[in-house]
Amino acid sequence: MMSTGLLAIETFLGLDWGVFLSLVMFAVFMFLILTGYNVAFSFASVSVAFAFIGDLTDAFRVESLATLGNQWFTAVSDATLLAVPLFVLMGAILERSGLAERLLNAIGLLMGPLRGGVAAAVVIVGTLLAAATGVVAATVIVMGLLSLPAMVKLGYDHKLATGAITASGTLAQLLPPSIVLILLAQQLGVGILGLFAGALLPGLLLSGLYVVYVLGAAYLKPERGPAMPPEQRELAGNPSLATKAILAGILAFMVFLVLILRGADPETTNALGFALLWSGVAFAIFFGIMAVTKMLGTEVLVSIVPTVVLIVGVLFSIFQGIATPSESGAVGVLGALILTVLNRLVDKQLIKEGAAHIQTEWKLTPKALRAAGISTANITILVMTLLFCSTFFRLMFRELGGADQVSDWLTSVGGGKWGFVLIAMVAVFLLGINLEFLEITFIVVPIFVPAMQELQFTEAETIWFAMLMAVNLNMAFISPPVGFSLFYLQSVAPPEVKTADIHKGAIPFMVLQGIAMVILGIWDEIVFTSMRFFGGIEV
């Protein structure tokens, strides 16, 4: 075919000219974002500039740009993306309604007698909020505002306290319905159900390691995590048995609603009877606890059970195939609103019966709802802008020959799949120190995919790789001196908590994350078991 460029160049420095241009394009892009330039605009501007250069030097077919519109349409037509704003909004409502704060206080009261118990409660609540919000910044900031001043007041070691917050908050990248998993599913071309199911055991593994560490550290050195004084765990008032029975009935009905979802499985028999039986058992347990523990047991149950039931119900509906992730997100938003109203009604009744620990004001005001909507819109717009601009960049990188060249390099390093995984994990960690997970997802995953196809990764192995990547991003996100979670917490930390303490406190948790990544890398069956158990996916 006759050249149409003004200056046709075939090779440069031993590389095909198009490949050389693609590598320079990637280097210029990385330079721009590391200097603080907007990532989406870096994607777009570099793509436009090198499209002109490629056209002038006959490095690629300009006609290939005609497919860009179709690629954009295909990308935004993915219904999975609808889950992003819905799950973010669900988490925002839980935060601004006061449900998250109440959850943290209740689990803190429950575990307060233990040395390091409040830090362990922070990890547990951070895990639950991570599963509710899917957004790292929101989880870390909320946990920092709610729990760090309390732990400082109790005399906790600042490094232990801040490390627990940043590490558990960063689990929002791993635990479903994580935005990272939603976008990874689209970029890797795998089912989101498999990613959600495969992430649960790895996420719980990390959370369990954190709990063991904070309790162990406080046990060995009691001054690092003192127990909560008994007087701080006493709550005034004692609801009547009638009120306790009504509350136990409401909580048991919530359990019933989740258990009845088992009926969606065609192999399940007598789902109604099963749900009735176990919700009855739940009622007896809830009522028994409330009856013997006065206000404390009542407060703990009405704070913990509804939020846990909401999270479990949303995930269960996805795993049982009752609803798509986007549909479950919509139900989650409605459920969060219902819980907010129900929480208010419960508060009013407990105040009548002597509760002095409850704040009387209604928190989910129109202003708070507007703020939740704005934060959701900001994240959604960011995701869509990155999606559009990165698609243009990916098209140019592929057309110039960069994708094929990088794939050849990655597949020729030796060691087969293991060699590729090691190289990829090093790259993800280094990029994760300076970049947000959204940027990394759109930058490196499209580069990895051709190599994974060349190495014949199965869908299950691709999901396992995604889990390693998510844990790796957790480690990069809290790595000093520039881990994003450290700065999120630093922005809301009390004056007496030094920046050095926040950074030093992250190091032990980075070690735990490294241990977890090695465990998951060696025993990939953990991810496969999680997929089978939670998602019913045969591997």
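Our structure's up above, just so we're on the same page.
The rules behind these values
Residues numbered from 1 in each chain as written. Predicted model: local features only at pLDDT ≥ 70, side-chain atom pairs only at ≥ 80, totals over all residues. Heavy atoms only, no water. Helix = DSSP H or I, 4+ residues; strand = E, 2+ residues; numbered from the N terminus. Rg over C-alpha atoms; globule rule 2.2 N^0.38 Å. Buried < 20%, exposed > 50% of the residue type's maximum accessible area, 1.4 Å probe, protein only. Contact = heavy atoms within 4.5 Å. Areas by Shrake-Rupley, 256 points an atom, 1.4 Å probe, with all protein chains shown as cover. Lys, Arg positive; Asp, Glu negative; His and termini not counted. Charge placed at Lys NZ, Arg CZ, Asp CG, Glu CD. Expected span 1.5 Å × (residues − 1). Core = buried A, V, L, I, M, F, W, Y, C linked by side-chain atoms within 4.5 Å. Salt bridge = Lys/Arg side-chain N within 4 Å of Asp/Glu carboxyl O.

Visitor: Kindly report on the overall build of the protein, identifying the contributing residues and their values.
Guide: Scanning the protein from terminus to terminus reveals 22 helices and 2 strands. Taken against the 2.2 N^0.38 rule, which gives 24 Å for 539 residues, the C-alpha radius of gyration of the protein at 25 Å falls within 12% of a compact globule. In terms of its C-alpha atoms, the protein occupies a principal-axis envelope of roughly 90 × 55 × 45 Å. Out of the 539 residues belonging to the protein, those deemed buried represent 53%. Of all intrachain contacts in the protein linking residues separated by at least 6 positions in sequence, the fraction that spans at least 24 positions is 79%. Surface summary for the protein: the accessible area is close to 22500 Å², and the carbon and sulfur share equals 69%. Here the protein contributes 24 positively and 32 negatively charged side chains, and the mean placements of these two sets differ by 16 Å.

Visitor: Talk me through helix α1 (residues 17-34); I want residue IDs and the actual numbers.
Guide: Taking 1.5 Å per residue, 18 residues should reach 26 Å; α1 reaches 26 Å between its end C-alpha atoms and fits that length. Looking one or two places after α1, you find G36, whose phi comes out positive at around 100 degrees.

Visitor: Quick rundown of the nonpolar core? Include the residues and the values.
Guide: Nonpolar side chains in soluble globular proteins tend to end up buried together. Counting 183 residues, the largest nonpolar core has F29, F43, F420, V444, F448, F465 and M469 as the members making the most contacts within it. At 17 residues, the largest contribution of residues to this core is made by helix α12 (residues 271-319). With sequence-adjacent residues up to four places away left out, F420 is seen in contact with L410, V413, F448, A451, M452, L455, F457 and F465.

Visitor: Can you lay out the pattern of salt bridges for me, pointing to particular residues and giving the numbers?
Guide: Taken as a whole and assessed by the stated rule, the structure comprises 6 salt bridges. When the shortest N-O distance is used, the salt bridge between E299 and R102 registers 2.9 Å. Linking E299 in helix α12 with R102 in helix α5 (residues 99-111), this pair joins segments that are 197 residues apart in sequence. Each member of the pair, E299 as well as R102, is classed as buried.

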